[in-house]
Each structure stands twice: as structure tokens, then as C-alpha cells.
Amino acid sequence: MKLILLGPPGAGKGTQAKTLVERLSVPQISTGDILRAAVKEGTPMGVKAKGFMDAGDLVPDEVVVGIVEERLQKEDCASGFILDGFPRTVPQADALSATLTTLGKELDSVISLEVDTEALVMRLAGRRTCKACGAGYHIEFEPPQKDGVCDKCGGELIQRDDDKEETIRNRMAVYLEQTLPLVDYYEKAGVLAQVDGMLPIDEVRAAIFEILQVSE
Ligand code: AP5
Ligand code: ZN
């Protein structure tokens, strides 16, 4: 399965990608996660990306396109992948299309998660991530059993640096200007499916499985 999850910040791309990975046995490729890991490790790419990410702006296309091109050639992508957070601009989508053609691959589906702006702000402001294992939570919608502690590994739950309200607003503006045109782009390509991302997490998951025509 070769899939893109499209949607604004906080739409639930990462949440849904993680459940799909288990069911479809293909890797999740999150450019956000890859960039955050590079920032944490202090690699040259991480140093370059940090300022853009902290401001809620997009990292330059050539950086992310390079990451994804390299990642898609790895062996674990042979039977498919779930792209989460990429592409985010028309040039990124064009570059992806060229890479897939070179690799002799074709997208099966682009799933766009539709969520209201105010709900997105609430989701991002309440999001917490495990520092140790990366598991995602929401203080209201998907709370851990014990405040601030990961159910899976006991790790500390932290808030992302770019989940502050002012940065969230800029991320939304950047999404509307640079990423929303991709909905049309993939609609024209005949691969777009839209899902109501306002539904509870389980129902969004069920809707995605229905589109992909796989059992849960
Ligand atoms: P990235 O990490 O990709 O962030 P994003 O797109 O802003 O998306 P998020 O991870 O914030 O949201 P999500 O849709 O995954 O939501 P989640 O499932 O966590 O990018 C970060 C930065 O990196 C960018 O700003 C940019 O600087 C850079 N970058 C990354 N990719 C790039 C690219 N291609 N080009 C250039 N720059 C790039 O859910 C959010 C919360 O809501 C969670 O707490 C969750 O529990 C909860 N939730 C999820 N679904 C539901 C539901 N149905 N109901 C209620 N709550 C829900
Ligand atoms: Zn954990």
C-alpha cells in the first residue's frame, strides 16, 4: 500500500499512520519525526531545520525532498509506505511523483483528513508525546492512565516546542497557503479520498480502512 496522509497540523495524520503501520506492515515516513530527530542529534540538517520548525515555517523543499527520496529507496519500502507530513508544497508533490516514477511505483491513495481550525488548535495545545518511545497522547481525547507518564513504557510525556498557541497559528496559515493546494492537485490526479477528521479517533480509523478496502 502506497499512501499519503494529507491534512492540517493536528488533523490526526500521525495518530492514524501509527495504527495503519501495524495493520498494513509498511513503514510510516513522517518528515516531521525525521526532522525532530535530526534537531535532537544536532546534525547539520537538524541545525538548519530548527529555526524554521520553531517558527512554524516549512523547512526548504530541497532538504525534505532529499530526505524522502533517500528513505523511499530503503528495502522496507518495497511493499509500500505511509507518508505523513509530506508532500506539503506543490514542488514537493512534483518531486515525489518523479521519484515514484523512477522507482516504478504508483500511489494507491491520498487521504485528506478534514478538521475545523478551532478543533486543531485544541488538539495541538493538548497533545503530549512520550520522550522515550514517541507514543502520542492528548490530555483530554486520549489521556494516559497516569498524568504525564507513558502507558506503554513509563517515559515522561512532553509538549512539542511548536505546539505553543502562537506557533500553531502560523503553522495553520502556512498550511492554508502552501499545502491546501495539494487537495486539488491529488483530486485532479484521481487519487484523493476525503475523511471527516472531526470524528473520534476510532471512527476516523474505520473510515480510512473502508476507503483502503482492508479489514481492521
Ligand atoms: P509535522 O511533525 O509534520 O507536524 P504537522 O503537520 O504540523 O502535524 P502534526 O504532527 O502536528 O499533526 P498530526 O496531523 O500528525 O496530528 P496528531 O496525530 O499528532 O511537522 C512539524 C514541522 O516540521 C513543520 O512545521 C515544518 O517546519 C517541518 N516539516 C515537516 N514536514 C515538512 C515538509 N514536508 N516540508 C517542509 N517542512 C516540513 O494529532 C494531534 C493531537 O490530536 C494528538 O494529541 C492526538 O491524540 C489528537 N487527535 C488525533 N486525532 C483525533 C481525533 N479524531 N479526535 C480527537 N483528538 C484527536
Ligand atoms: Zn513511551
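Residues numbered from 1 in each chain as written. Chains lettered and ligands numbered in written order. Predicted model: local features only at pLDDT ≥ 70, side-chain atom pairs only at ≥ 80, totals over all residues. Heavy atoms only, no water.

Peer 1: Whenever I open this one, the coordination of the zinc ion (ligand 2) confuses me. Can you help?
Peer 2: Tetrahedral coordination by four donors sets the ideal angle at the metal to 109.5 degrees; octahedral coordination by six donors sets it to 90 or 180 degrees. Summarising the metal site, the zinc ion (ligand 2) is bound by the protein donors Cys130 (SG), Cys133 (SG), Cys150 (SG) and Cys153 (SG), whose distances to it range over 2.3 to 2.4 Å. Classification of the site at the zinc ion (ligand 2) as tetrahedral follows from its four donor atoms and the range of 96 to 115° in their angles at the metal. Mapped onto the sequence, the residues coordinating the zinc ion (ligand 2) show the spacing C-x2-C-x16-C-x2-C. With Cys133 in the loop between strand S5 (127–130) and strand S6 (136–138) and Cys153 in the loop between S6 and strand S7 (157–158), the pair connects residues that are 20 residues apart, well separated along the chain. (Donors = N, O, S within 2.8 Å, 3.2 Å for Na, K, Ca; no water. Tetrahedral: all angles 85-135°; square planar, octahedral: opposite > 155°, others 65-115°. Helix = DSSP H or I, 4+ residues; strand = E, 2+ residues; numbered from the N terminus.)

Peer 1: It is not clear to me how the confidence of the model for the chain should be interpreted in this structure. Could you clarify?
Peer 2: Predicted coordinates in regions of low pLDDT should not be interpreted in detail. Per-residue pLDDT for the chain has a mean of 95; in total, 100% of the residues score no lower than 70. Interface scoring of the predicted complex returns ipTM 0.97; its pTM is 0.94. (pLDDT = per-residue confidence, 0-100.)

Peer 1: Please clarify how the environment of Leu199 should be interpreted in this entry.
Peer 2: The residue Leu199 is located in the loop between strand S8 (192–196) and helix H9 (201–212) in this model. Take Leu199: its relative accessible area is 31%, and that puts it in the partly exposed class. Spatially, the C-alpha atom of Leu199 lies 36 Å from that of Leu103, the residues being 96 residues apart in sequence. Ignoring sequence-local partners within four residues, the contact set of Leu199 consists of Arg123 and Val204. (Buried < 20%, exposed > 50% of the residue type's maximum accessible area, 1.4 Å probe, protein only. Contact = heavy atoms within 4.5 Å.)

Peer 1: So what exactly am I meant to see when it comes to the side chain of Arg160 here?
Peer 2: Inspection of the secondary structure assignment puts Arg160 in the loop between S7 and helix H7 (165–179). Reaching out from Arg160, the side chain makes a polar contact with the side chain of Asp162 at a distance of 2.9 Å. Leaving out residues up to four positions away in the same chain, Arg160 has contacts with Arg36, Arg127 and Arg171. (Polar contact = N/O pair within 3.5 Å; in protein donor to acceptor, adjacent residues only side chain to side chain.)

Peer 1: Help me out: how do you make sense of the site of ligand 1 in this one?
Peer 2: Not every one of the 36 residues close to ligand 1 is listed here, only the nearest: Thr15, Asp57, Arg88, Arg127 and Arg171. Within the side chain of Gln92, a nitrogen or oxygen atom sits 2.9 Å from a nitrogen atom of ligand 1. In the model, an oxygen atom of ligand 1 is placed 3.1 Å from a nitrogen or oxygen of the Arg160 side chain. Contact with the protein chains covers 95% of the free accessible surface of ligand 1, which is 1,000 Å². (Near = heavy atom within 4 Å. Areas by Shrake-Rupley, 256 points an atom, 1.4 Å probe, with all protein chains shown as cover.)

Peer 1: Just checking my understanding: could you explain the UniProt feature "binding site: ATP" (unreviewed entry) in the chain for this structure?
Peer 2: Taken from the UniProt record, the annotation "binding site: ATP" (unreviewed entry) applies to Gly10, Ala11, Gly12, Lys13, Gly14, Thr15, Arg127 and Leu199. Of note, Thr15 is situated in helix H1 (residues 13–24). (UniProt positions renumbered as here; feature names shortened; annotations may be inferred.)

Peer 1: Got a minute to help me understand the sheet that holds S6 in this structure?
Peer 2: Paired through their backbone hydrogen bonds, the strands of a sheet run either parallel or antiparallel. In spatial order, the strands read S6-S5-S7; together these three strands make up an open sheet with antiparallel pairing. The open sheet terminates on both sides in strands that have one partner only, identified here as S6 and S7. Across three bridges, S5 lies against S6 in antiparallel orientation. Bridging from a neighbouring strand, Thr129 pairs with Gly136 of S6. The strands touched by helix H6 (residues 117–125) are S5 and S6; relative to S5, the strand with the most contacts, the crossing angle is about 35°. (Pairing = 2+ DSSP bridges. Axes fitted to C-alpha atoms, helices over the stretch in contact; angles between N-to-C directions.)

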